[in-house]
Amino acid sequence: MTGTPASQPRVVTRPSVGRPVPRLEDLPLLTGAGRYLDDIELPELLHCAFVRSPVAHARIERIDVEAARAMDGVHAVLTLADLMPKLTSGRMPLGASPIKGENSSTPFVLADREVAYVGEPIVLVVAHSRYLAEDAAAQVQVDFTPLPVASDARAAMAPDSPLVRTELKSNVLNSFKVGFGDVEAAFAGAAHVFSDVLSQHRGCGHSMEGRGVLAEIRPGDELCVWSSTQMPHDLYYMLQTMLGLDQDALRVVTPDVGGGFGPKYCLYPEEVALPAAARLLRRSLKWVEDRRETFISSIQERDQYWSVEVAVDAEARLLGIRGSLVHDQGAYAPKPVNLPYNGATAMSGPYILPAYSMDVHVVHTNKVPVSSVRGAGYPQAVFAMERTMDLIAAGMGLDRAEVRRRNLIPPEQMPYTKKLKARSGAAMVYDSGDYPASQREALAAAGWDDFPERQKRALAEGRYIGIGMANAVKGTGRGPFESGVVRVGQNGKVSIFTGAAAMGQGLATALAQICADQLAVPPEDVTVISGDTSKTPLGLGGFASRQLVTAGSSVHLAARAVAEKAIRAASSILEVDEDQLELREGHVHVRDGNRSLGLGEIARMLRGAPGYAFPAGVDPGLEASAQWRTDSLAYANACHVVEVEVEPTLGSVEITRYVALNDSGRMINPMIVEGQVQGGIVHGIGNALYEFMGYDDSCQPVTTTFQEYLLVTATELPRLETIFRETPSPKNPIGAKGVGETGTIPAAAAVISAVENALAPFGIRISQTPVPPQSLFRLIEAARQSQAGQPPRRKDLPDDQET
Amino acid sequence: MYEIELLINGRPFRGAAEARTTLADFLRHTLRLTGTHLGCEHGVCGACTVLVDGVSARSCLMLAVQADGAIVETVEGLAEHDGTLHPLQQAFRDAHGLQCGFCTPGMLMTLVELLRETPHPSEDEVRDAISGNICRCTGYQSIVDATLAVAGAAGTEGSEP
Ligand code: FES
Ligand code: FES
């Protein structure tokens, strides 16, 4: 940033931060005037479709494109060989890693020798309409020799397992250990040891707008790439390298983005293939993912297998956890180990854990590649931990909340250093939060203590109701920075330029509020320009619930610097001491007088006029730039309590009550925060009960429509009751913590805890997600058979239900 | 190619479409009315919902030729000509009924139909009405609240939304 202010400029404003300011984004989106990727129309635009692999693993013997090329309206049919003259590599670079490393796990721009999952792109068809492109794609002949597949990550680890790709020596991409303390001693001295094996299935991000790319050829051979991505700058840097372009020959822009949820964090082969083809053909090209393509080519996540053993003392205090984690990476690794590392290091969450050892194996399978979906490894870790907490409670005859309470990090130990490192290598330091109070408040709101009585009454009527809970902590606001430039225009209105990427979360409104308060203008007078590399030289983008914290902090600092500059300039122009000036309603006022200068006037003076005096002691331009740097995370926390009713004869679950406490630090816009939490919870409920990305043994996807893959709809939900705490983060100037994922992370664990509790009379343990009716029904039937028809009795209720 | 004439949001439109062109693609790409969105193209997500002769239809499952001569209402026609938002649009804004906005046109058209038929729906009726519309962002509650707010306001002022 340009100059750190020695003292706070005097700003008089009615704060907009903390108020539910209506979103600045809404008007075009409500009236059909939004501009999403598929809405962009250009003269002479051609349309693309991809030929994708119909088999999970095969050698490509021959690709015959002649019939397709001969069709009316077809402009080109391109294989990797055709694109290579415009590419520096046929293989995608390792994402999010500027460091050169081994690269035998990233996807190819187009597959030309072998395919490793159903959906892998092989041929790019360019035609005058998408209809014609799809017609032609169906006429491309690819001869395959089938190869054996690896479908289960656990089996794929075996030395004699078929290889996911023949170039690999082993399906194990990476194995590492995460841990601290003396685990053996912990188990040797334990009063009780419990163990469990947990599995969580994969789902998709399913933003309602799929991915899409438009490569526009502009005069002078310039390339403008529009992409529905969370990472415009990453794409810009990557394309410079992959296409061998000078930085000024390329621009990357994100139009309105119809949701992200993780899958748009990765860079994809299509985002390289289209620009390369556009340069080859010298034509502008568009490709928009259809929903079937989402199912078979957009990132998926959550297939993990955890074996967990926990040692506790006689008071149920955690002594140690050990185990192993097998992470299904799918066919390729666009990012190296982010998710399993997140998961393994996040497991102990809000609890004090003296010793820990987790063996992590990242294993390829012949399925869609894996990276982040909302939560990014955390939901699995929380599921493993919270299910373990319930296991301890059941095993020791204690209340589930009480076991957690005894192990929560007390507020007086904040900041609390976990004996682990974040991915940046920095120490994992929980900056703030009151976990016991959060749990207390959530339980009280949900009527946890009265529940056993209600449950008893319900059971007497033959109804199976249950309650469950889960705590979670999420590191948010990942750095190293996000850019923020604040500039006052000639009319006094303010613009923010940022590398942060908007994808529907209300980023522009929140940043405008932060800026508005520093400059004493209404948020409506602030515009936010994001996701355009020609307007913002530096930036990262959207991931890890980071943008409000990082971009918000940069905008806060930049706006404050602008305020200070305006006052300094006004002092020089009006010849009044700075301490006699204040910024109010977009003007710098002399405090005891009626003279003032508008921000627009000051901006006009600071733009410079040849031959006229320039205000002394200020730099040109009423603007400031900040790249707030951080290596630490701001840790948000949540406690969810869920009530369900299960119909054992159908295996169906109705969520009857959902109470969610969320602490994401200082809330810039409580309305937006609540929306994030509610949307996040519903995603997590989907993961718990409905969303199942199925594959058969030959790794054929079997859920490729919304009729087979169920997303939660409005009728499956009770009213979501949200409670907010605001423990400001001391780690950033605005005190904020991220909120994009905190709703999702504990949700599945809490729902499953409730379902298990409802079925306590059957003595069922649930260690998996999701549990759609058929899975639950099978568990119930198995339990019925082993109970040999015994009716549920009072003593079959778990002990934490005793009052 | 077939010549298609229809009335959209009160204005006559005409264009040519192949027999297989969906109404959604005809609206979006031929007529450049891109407010109607496509979220699945197989009839489940509801993003493409428009009203055809007053009844909600999935424009991804309907052919353009089937809409020849029809009266079609899309999200572009909801606000007044002077820019005043339709009460539902305003309520969506007030209640944070949209995040990314991609499902919003389909939600709005579905709810316009609901409120015409049932001006004072219960919460369950609202949830039922949008049970064929998928929103990945909001968790639906704010959409339900927005609708109930309009229905409530319509009740007190005695005006039809
Ligand atoms: S796009 Fe028509 S229902 Fe999904
Ligand atoms: S607002 Fe994004 S899908 Fe509904």
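Residues numbered from 1 in each chain as written. Chains lettered and ligands numbered in written order. Predicted model: local features only at pLDDT ≥ 70, side-chain atom pairs only at ≥ 80, totals over all residues. Heavy atoms only, no water.

If you check an unreviewed UniProt entry, chain B appears there as (2Fe-2S)-binding protein from Ancylobacter mangrovi.

As annotated in an unreviewed UniProt entry, chain A is Xanthine dehydrogenase family protein molybdopterin-binding subunit from Ancylobacter mangrovi.

1. Focus on the layout of surface pockets
The condition that has to hold: A 1.4 Å probe that fits but cannot get out identifies a cavity on a 1 Å grid over protein atoms alone, an open set with protein on both sides within 12 Å along at least five of seven lines counts as a pocket, and a residue lines either if it has an atom within 4 Å of a point. Grid points are joined across faces, edges and corners, and a volume is the space filled by probe spheres set on the points. Helix numbers and strand numbers start at the N terminus; a helix is a DSSP run of H or I with at least 4 residues, a strand a run of E with at least 2.
The space that makes up the second largest pocket amounts to roughly 960 Å³. The wall of the second largest pocket is formed by 43 residues, among which A:Arg130, A:Tyr131, B:Asp25, B:His29 and B:Glu41 lie closest to the centre. Mapped by element, the contributors of at least two residues to the lining of the second largest pocket are strand 2 (46-52), helix 4 (130-139) and strand 14 (285-288) of chain A together with strand 2 (11-17) and helix 1 (23-30) of chain B. The dominant element in the lining of the second largest pocket, judged by the number of residues it contributes, is helix 1 of chain B, at five residues.

2. Some thoughts on the packing of aromatic side chains
Residues and elements named next belong to chain A. To be explicit about the condition: When two rings of Phe, Tyr or Trp (its six-membered ring) have centres within 6.5 Å they constitute a pair, described as stacked for plane angles under 30 degrees, edge-to-face for angles over 60, and tilted for the intermediate range. Buried residues are those whose accessible area, probed at 1.4 Å on protein chains only, stays under 20% of the maximum for their type, while exposed residues exceed 50% and partly exposed ones sit between those limits.
Summed over all chains, the structure comprises 13 aromatic pairs over all chains. Between Phe50 and Trp287 the ring centres are 5.4 Å apart and the planes differ by 90°, which places this aromatic pair in the edge-to-face class. Pair noted here: Phe50 is in strand 2 and Trp287 is in strand 14, with a separation of 237 residues, a long-range link. Judged by relative accessible area, Phe50 falls into the buried class, the value being 7%.

3. Considerations on the nonpolar core
Selection criterion: For this analysis, a nonpolar core means a set of buried residues of the types Ala, Val, Leu, Ile, Met, Phe, Trp, Tyr and Cys, connected via side-chain atoms within 4.5 Å. Note on definitions: a residue-residue contact is assigned when non-hydrogen atoms from the two residues lie within 4.5 Å.
Grouped together as the largest cluster of nonpolar side chains are 150 residues, with contacts concentrated most on A:Trp306, A:Met347, A:Tyr356, A:Ile392, A:Tyr658, A:Ile685 and B:Phe92. Element by element, the count of residues in this core is highest for helix 11 (residues 378-396) of chain A, at eleven residues. Discounting residues that sit within four places of it in the chain, A:Tyr658 has contacts with A:His640, A:Val641, A:Val642, A:Ile681, A:Ile685, A:Pro718, A:Arg719, A:Leu720, A:Glu721, A:Ala747 and A:Val751. Of all hydrophobic cores here, the second largest spans 49 residues; its members include A:Val17, A:Ala561, A:Leu581 and A:Leu622.

4. So, the interface of chain A and chain B
The following threshold applies: Buried area is calculated as the accessible area (1.4 Å probe) missing from two parts once they are joined, with the contributions of both summed. By salt bridge we mean one thing: a side-chain nitrogen of Lys or Arg within 4 Å of a carboxyl oxygen of Asp or Glu. The term polar contact refers here to a pair of N or O atoms within 3.5 Å; inside protein, the definition further demands a hydrogen-donor-capable atom paired with an acceptor-capable atom, and it admits residues adjacent in sequence only when both atoms are side-chain atoms.
Across the contact, 53 residues belong to chain A and 48 residues belong to chain B. At the boundary of chain A with chain B, total buried surface from both sides reaches about 4300 Å², with 54% on carbon and sulfur atoms. The tally of links from chain A across to chain B stands at eight salt bridges. B:Glu123 is the partner of A:Arg719 in a salt bridge, and the nearest nitrogen-oxygen pair spans 3.0 Å. Here chain A and chain B share 27 residue pairs in polar contact (both at pLDDT 80 or more) between them.

5. A short note on the pattern of salt bridges
Residues and elements named next belong to chain A. The tally for this structure, following the rule as stated, stands at 66 salt bridges over all chains. In this structure, the salt-bridge partner of Asp290 is Arg130, at a minimum N-O distance of 3.7 Å. Here Asp290, found in the loop between strand 14 and helix 9 (291-297), pairs with Arg130, found in helix 4; they are 160 residues apart in sequence, far enough to count as distant. With a closest N to O distance of 2.7 Å, Arg406 and Glu402 form a salt bridge. Of the two residues, Arg406 and Glu402 both sit in helix 12 (residues 400-407), four residues apart, roughly one turn of that helix.

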